[in-house]
Every structure is written in structure tokens, then in C-alpha cells.
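Residues per chain, in single letters:
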Amino acid sequence: MTKDNPPQPEEIKLHQKSRLLAIRFSDGQSFRLPCEYLRVHSPAAEVAASDVPETGKEDVNIVSLEPQGSYALRIEFDDGHGTGIYSWERLYDLGKHQEEYWQAYLDRLKAHGMDRREVAENAGEPETLSLTIMYFNYLVNKLGIQQEKISLPASRVKTVQDLLKTLAIRKLERGYLLAEDNVRVTVNRQFAEPFTVLENGDEVGIVPNSPNPPAQPKT
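For every chain, the first residue of the written sequence is number 1, and numbering continues from 1 along that sequence. With the structure being a predicted model, the display of local features is reserved for residues of pLDDT at least 70 and the display and counting of side-chain atom pairs for 80 or more, all residues being used for whole-chain, interface and lining totals. Side-chain numbers here rest on the full set of heavy atoms in the structure, without hydrogens or water.

A. Region of interest: the overall build of the protein. Each helix is a run of DSSP H or I of at least 4 residues and each strand a run of E of at least 2, with the numbering of both proceeding from the N terminus. Each helix and strand in the protein was counted, giving 6 helices and 11 strands. Within the protein, the fraction of its 219 residues that count as buried is 42%. Considering only intrachain contacts with a sequence separation of at least 6, the fraction spanning at least 24 residues in the protein is 56%. Total accessible area on the protein stands at roughly 12700 Å², and carbon and sulfur atoms take up 46% of it. His residues and chain termini do not enter the charge count, which takes Lys and Arg as positive and Asp and Glu as negative. Charge positions are represented by NZ for Lys, CZ for Arg, CG for Asp and CD for Glu. Both charge centroids of the protein, one from 26 positive and one from 33 negative side chains, sit 5 Å from each other. Partly exposed residues are those whose accessible area sits between 20% and 50% of the maximum for their type, while under 20% is buried and over 50% is exposed, using a 1.4 Å probe and protein chains only. Whether two residues touch is decided by their heavy atoms; if any such pair falls within 4.5 Å, the residues are in contact. Residue exposure ignores everything except the shown protein chains as possible cover, and the areas themselves are Shrake-Rupley values with a 1.4 Å probe.

Below, the structure is given as C-alpha cells:
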């Protein structure tokens, strides 16, 4: 690899079930990069400039990959982080030095007395919004869950509309079921508007506005 002619990716494949991003480069090198590894090494300014390492990302997953011209990927994660632009050089470097960088990350955690599985307090992370979400009618069967407690970045999720968009991303191929036109939302047992502001500890109910599920959009 030279600075003027770095390897280019020939194949990029996301394995969501395994939480891995597999990349094969033009020089024959192939890397399997865990989503957690990519998330804690995000090049986004708020991550790269922080003295405190990212934590609580063991179960994070990638929900979308957006090409940025012919030089990079914007990676969006299901914790709401989507400002990291990963150049091909950055991804190659992360792959080539994966073991070294991961150990350095673990060493930083140890130096701060932190555990990678726990969300750090006062670590520069945005304040979280903790909600109880309850699903009704066919959503229970379609989503495979009746109730869940979730924590979302308060800076990104402020209203009912924001919540529906975020949940749709997290539910992947079933996200269309939570489109604003397909459901009604209650907040603390009162029907809410898209612009209703959410507060920490709110109980949110999501109710289909039809007895029959909508058709899945064609891709």
C-alpha cells in the first residue's frame, strides 16, 4: 500500500446477525470488523476527541451503510450514532491493526476504571432518554415483543415522531410497520401527536391504526 495508491474495497458485506462488517480489499487483504470495534473507534469528532473511551457498545449493530462518493462509508449504528465517516484508508488501517487497537482500547478502559459492557457515567455521551415501549395487536406477533425498556440519545429523540423513526431503524426489515401513517401513539396512556415531547420515564404505547398489517414496501 502506498499513500498515493491505497487499496480499494472490492467487497463490503454486513453480517447483522453476527454483528460483523466484512471487507475485502484490492490487495487481497480481508478483514472482519466487529460492530463494537467500529463503533468505539468511530472517527466522528465527538468520539475521537474524547479523553474517555466509549463503553456499553458490546451489543451495538450497524443499521445502514451509506457510500460517501468513492472514498468512504458513513456508518449508522442502532444506538443512534451516525456521524462517523470511515474512509477506505481508515477501514484498512482498522483491519490491519485490529488486535493492536483493540488491546489499546481495553487498556484505556482499565486506566479509567471502566468496563466495556457498561455505559459510562459522565463520559461525554449524550444524556439518554429511558422509555418503556408497549406494542399492541399484530405488532406483538410481527415484532416478536410486547414490551421493552430502551434508552436512546436524548439529543436525537425528542418527540414521538423522532421515536418512531428511530424504532423503525432498529427493527430493520420490519421497521415499515412503525411508519407514522400506520400507527397511533400514546404517551402515559394519552393519545399523542407526532410533535409531542417525550420525557425520561415515559410509557409509550404503539397501536396499529388498522386491524390488518400494511403490505411490506417493495425494495
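Now that the structure has been shown, the text picks up again.
B. Geometry of unusual backbone geometry. Although it is not a glycine, N137 sits at a positive phi angle of roughly 55°. Phi at L172 takes a positive value of approximately 55°, unusual for a residue other than glycine. Within the element layout of this structure, L172 appears in the loop between α6 (160–170) and β9 (183–187).

C. Broad picture of the pattern of salt bridges. Every case where a carboxyl oxygen of Asp or Glu lies within 4 Å of a side-chain nitrogen of Lys or Arg is listed as a salt bridge. Inspection of the entire model under this criterion finds 14 salt bridges. Put simply, R74 and E66 hold a salt bridge, and the shortest N to O gap is 2.9 Å. Judged by its relative accessible area of 36%, E66 is partly exposed. Taking the shortest distance from any N to any O, the salt bridge between E148 and K171 comes out at 3.1 Å. Here E148 is found in strand β8 (residues 147–153), whereas its partner K171 is found in the loop between α6 and β9, with 23 residues between them in sequence. In this structure, E148 and K171 share a single accessibility class: buried.

D. Representation of the environment of S42 in the model. By the element assignment, S42 lies in the loop between α1 (35–40) and α2 (45–48). The spatial distance from the C-alpha of S42 to the C-alpha of W88 is 13 Å, given a sequence separation of 46 residues. Whenever two N or O atoms come within 3.5 Å, that pair is a polar contact, provided that in protein one can donate a hydrogen and the other can accept it, and provided that, for residues adjacent in sequence, both atoms are side-chain atoms. At 3.1 Å, the side chain of S42 and the backbone nitrogen of A44 are in polar contact.

E. Structural view of the sheet that holds β9. In this analysis, strands are considered paired if DSSP registers two or more bridges between them. Taken in spatial order, the 5 strands line up as β8-β7-β11-β9-β10 in an open sheet, and their pairing is mixed. Here the strands that pair on one side only, and so sit at the sheet edges, are β8 and β10 (190–191). Pairing analysis gives 2 bridges linking β9 to β10, with the strands arranged antiparallel. Directly across from V187, in β10, lies its bridge partner Q190. In this analysis, axes come from line fits to C-alpha atoms, helices being fitted only over the stretch in contact, and the angle between any two N-to-C directions falls in the range 0 to 180 degrees. Lying over the sheet, α6 contacts β7 (128–135), β8, β9 and β11 (203–208), oriented at roughly 105° with respect to β8.

F. Representation of the sheet that holds strand β3 (residues 30–34) within the structure. With respect to topology, 3 strands assemble into an open sheet ordered β1-β2-β3, the strand pairing being antiparallel. The sheet is open, and its two borders are formed by β1 (9–15) and β3, each paired with just one other strand. The average undirected angle you get between the axes of adjacent strands in this sheet is 15°. Bridge analysis of strand β2 (residues 20–25) against β3 gives 5 bridges, and the strand direction is antiparallel. Each bridged residue has a counterpart across the sheet, and for L20 the counterpart in β3 is P34. Packing of helix α3 (residues 88–96) onto the sheet brings it into contact with β1, β2 and β3, and relative to β3 it is tilted by some 85°.

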